[in-house]
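A look at the structure
What follows is each chain in one-letter form.
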Amino acid sequence: MAAPVAVLAAEEGSSETAQILSESTPGECKRPQFGTRFLTDPRQVFQHNAWDNVEWSEEQEASAMRKVSENNQPLPQEKQEEYDSRANEFWNGFYTIHENRFFKDRHWLFTEFPELAPQCSLDNESRLEVSDSDHSQQERLQREHRSEVPSLSHTDGDIPGSLATYRILEVGCGVGNTVFPILKTNNDSGLFVYCCDFSSTAVELVKTNPEYDPGRCFAFVHDLSDVEADYPVPEGTLDVIVLIFVLSALHPDKMQASISRLARLLKPGGVMLLRDYGRYDMAQLRFKKGRCLSENFYVRGDGTRVYFFTQDEVHEMFTEAGLEKMQNLVDRRLQVNRGKQLTMYRVWIQCKYRKAPAQPLGSDGQVRGEDPPSSTIA
């Protein structure tokens, strides 16, 4: 096996970088699985840059809980309201400072989320352990998900992507480090990608990128937490919605309504993909006192905010939105700084939830498997 090539993948809105291992070049369509490097001998920890699916000891988890508990005194309400009202300002400032130099394209996406490149020859198994039920649901999705849908209609003329047969929306696109790999890798001629971000600065960076193609992509400014704001597509028309380190930036009180709003955009069989911060991630444990807004919700030094999830919290939100679970995993990774002999424990939540497929109709116009309505006899 060829030696892995280290690819730095930055998480949106964080000064942390996550080292992701890939054994293929960015332009390749077929990518090997992640998750093949396991630390069986602690004495070997500094031999590689990262270890996969690392189990935590009871002592380690108890220590993390104590650390979080010590920093669980929320800031005054007026400060919390200030961070909420100025959120747009803080995110614009973040992207003004970092522009596109801070992030690396997320080519690992096509291994974790093969739905983003359905025309590529991909191994659809996740690198993390998935139950037989999860696998059967994934396989069923692949068979049902590509059903043709009518072109979008709009009273004022064609909207972007109106002729597409496979539509992806990324919410919280940042400077395009998910969007551009999708456009370069997915060779589906019917593909159209919508992408939006809270920050107008970030969206402008996407639009001015030389790889931005208005014929295949439409970038726009949108506040995910504003459930009254319109999206540029009708409900029930999207195949995939992508949420990568974005839901955690919302106030916890606004998360459920935001997910429910997005779920209505999915067509039957459509899938929502999420990767975000998990409880007791290194980034959470590094917060000092005076940065806590509410339980497991913090503000960074630049004013941007972040929440750290459990699997159950995410599951409850997505099922409340009417979606069914395909995958809900905790990704625990040990990253290593061999030069400084430091170990860093990352914890991410990775999920796939979908809208139930439409039930086929029989020749009598009734849903198959259902009894026809009974007639009333006078």
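Scope of this entry: the structure provided in the associated data block. Everything numeric here is computed off the predicted structure, so don't read it as measured data.

Time to look at the overall build of the protein. The helix and strand inventory of the protein stands at 10 helices and 13 strands. By the burial criterion, 50% of the 378 residues in the protein qualify as buried. Within the protein, residue pairs in contact and separated by at least 24 positions form 73% of the contacts whose partners lie at least 6 positions apart. Surface summary for the protein: the accessible area is close to 17900 Å², and the carbon and sulfur share equals 48%.

This part is about helix α10 (residues 311-320). Note that an α-helix has 3.6 residues per turn; residues three or four places apart therefore point the same way. Among the residues making up α10, those that are buried are Val314, Met317 and Phe318. Buried positions in α10, seen along its axis, are confined to an arc of 90° and lie on one side of it. Turned more than 90 degrees away from the buried face of α10, the exposed residues are Asp312, Glu316 and Glu320. Positive phi appears at glycine 322, one or two residues downstream of α10, with a value of about 90°.

What follows covers the nonpolar core. Among the nonpolar cores identified, the biggest contains 40 residues, and Leu169, Ile241, Leu243, Leu262, Met272 and Phe318 are the most heavily contacted of them. Looking at this core element by element, the count peaks at 4 residues for helix α8 (residues 252-263). Here leucine 169 is in contact with Tyr194, Cys195, Cys196, Phe220, Tyr231, Leu238, Val240, Ile241, Val242, Leu262 and Leu265, once residues within four sequence places are set aside. Grouped together as the second largest cluster of nonpolar side chains are 39 residues, Ala64, Val203, Val206 and Val242 included.

What follows concerns the environment of lysine 254. Here lysine 254 shows up in helix α8. Setting aside residues no more than four positions away along its own chain, lysine 254 makes contact with Asp84 and Ser225.

This part is about the pairing of strand β7 (residues 238-244). Of all the 7 residues making up β7, 7 are buried; the element is thus mostly covered by neighbouring parts of the structure. As paired strands, strand β4 (residues 166-171) and β7 are joined by 4 bridges and run parallel to one another. When the sheet's bridge partners are listed, valine 171 is paired in β7 with leucine 243. Where β7 meets strand β8 (residues 266-277), 6 bridges bridge the pair, whose relative direction is parallel. Its bridge partner lying in β8, valine 240 is registered against valine 271. Taken together, β7, α8 and β8 form a β-α-β motif whose crossover is right-handed.

It is worth spelling out the packing of aromatic side chains at this point. Using the criterion set out here, one finds 11 aromatic pairs in the structure. Centroid distance phenylalanine 318 to tyrosine 353: 4.9 Å. Interplanar angle 35°. Geometry classified as tilted. One end of the pair, phenylalanine 318, is in helix α10; the other, tyrosine 353, is in strand β13 (residues 342-354), with 35 residues separating them in the sequence. The two residues phenylalanine 318 and tyrosine 353 agree in class, both being buried.

Take the environment of phenylalanine 318 next. Classification of phenylalanine 318 by relative accessible area gives buried; the value is 0%. Remark: the alpha-carbon pair of phenylalanine 318 and isoleucine 259, spanning 59 residues in sequence, is separated by 6.9 Å. When sequence neighbours within four positions are dropped, the list of residues in contact with phenylalanine 318 reads Leu243, Ile259, Met272, Leu274, Leu323 and Tyr353.

In this structure the tally under the stated criterion is 15 salt bridges. Measuring nitrogen to oxygen at the nearest pair gives 3.3 Å for the salt bridge that ties lysine 352 to glutamate 115. Remark: glutamate 115 occurs in the loop between α4 (109-112) and α5 (132-144) and lysine 352 occurs in strand β13; sequence separation between them is 237 residues. Here glutamate 313 makes a salt bridge to arginine 279, at a shortest N to O gap of 2.9 Å. Residue glutamate 313 is found in helix α10, and its partner arginine 279 is found in the loop between β8 and α9 (282-285); the two are separated by 34 residues along the sequence. A cluster of three or more residues bridged by salt bridges with shared partners is formed by Lys79, Glu82, Arg86 and Glu89.

Strand order in the open sheet formed by 3 strands is β9-β10-β11, and the pairing between neighbours is antiparallel. The open sheet has two edge strands, β9 (292-294) and β11 (305-307), and neither has a second partner. Direction aside, neighbouring strands of the sheet carry axes that sit 30° apart on average. One ladder, built from 3 bridges, connects strand β10 (residues 297-299) with β11; its direction is antiparallel.

By secondary structure assignment, the location of leucine 183 is in helix α6 (residues 179-185). On a C-alpha basis, the gap between leucine 183 and aspartate 213 in space is 8.7 Å, while along the polypeptide they are 30 residues apart.

Further remarks concern the packing of α8 against α10. Direction vectors running N to C along α8 and α10 enclose 45°, while the axes themselves pass 8 Å from each other. The angle between the axes of α8 and α10 places the two elements in the oblique class. Taken as a pair, α8 and α10 cross one another with a handedness that is right-handed. Contact residues: α8 offers Met255, Gln256 and Ile259, while α10 offers Glu316, Met317, Phe318 and Glu320. A class-by-class count of the residues in the contact of α8 with α10 yields 4 nonpolar, 1 polar and 2 charged.

Buried residues dominate strand β5 (residues 191-197), accounting for 7 of its 7 residues. Covered by surrounding structure in β5 are Leu191, Val193, Cys195 and Asp197 together with Phe192, Tyr194 and Cys196, the residues of both alternating faces. Relative to β5, β4 is paired through 6 bridges, and the arrangement is parallel. Opposite isoleucine 168, over in β5, you have valine 193 as the bridge partner. At this point the chain moves from β4, through α6, to the parallel β5, and the crossover so formed is right-handed. Relative to strand β6 (residues 217-221), β5 runs parallel, the two being bridged by 5 bridges. Looking at the pairing, valine 193 lines up with cysteine 217 of β6.

Scoring rules and cut-offs
Residues numbered from 1 in each chain as written. Predicted model: local features only at pLDDT ≥ 70, side-chain atom pairs only at ≥ 80, totals over all residues. Heavy atoms only, no water. Helix = DSSP H or I, 4+ residues; strand = E, 2+ residues; numbered from the N terminus. Buried < 20%, exposed > 50% of the residue type's maximum accessible area, 1.4 Å probe, protein only. Contact = heavy atoms within 4.5 Å. Areas by Shrake-Rupley, 256 points an atom, 1.4 Å probe, with all protein chains shown as cover. Arc of directions from axis to C-beta. Core = buried A, V, L, I, M, F, W, Y, C linked by side-chain atoms within 4.5 Å. Pairing = 2+ DSSP bridges. Right-handed = clockwise from strand over helix to strand, strands pointing away. Phe/Tyr/Trp six-rings, centres within 6.5 Å; stacked < 30°, edge-to-face > 60°. Salt bridge = Lys/Arg side-chain N within 4 Å of Asp/Glu carboxyl O. Axes fitted to C-alpha atoms, helices over the stretch in contact; angles between N-to-C directions. Parallel < 35°, antiparallel > 145°, perpendicular 65-115°, else oblique. Left-handed = near helix turned anticlockwise from the far one by under 90°. Nonpolar A, V, L, I, M, F, W, Y, C, P; charged D, E, K, R; others polar.

By themselves, these figures tell us nothing about what the structure is for.
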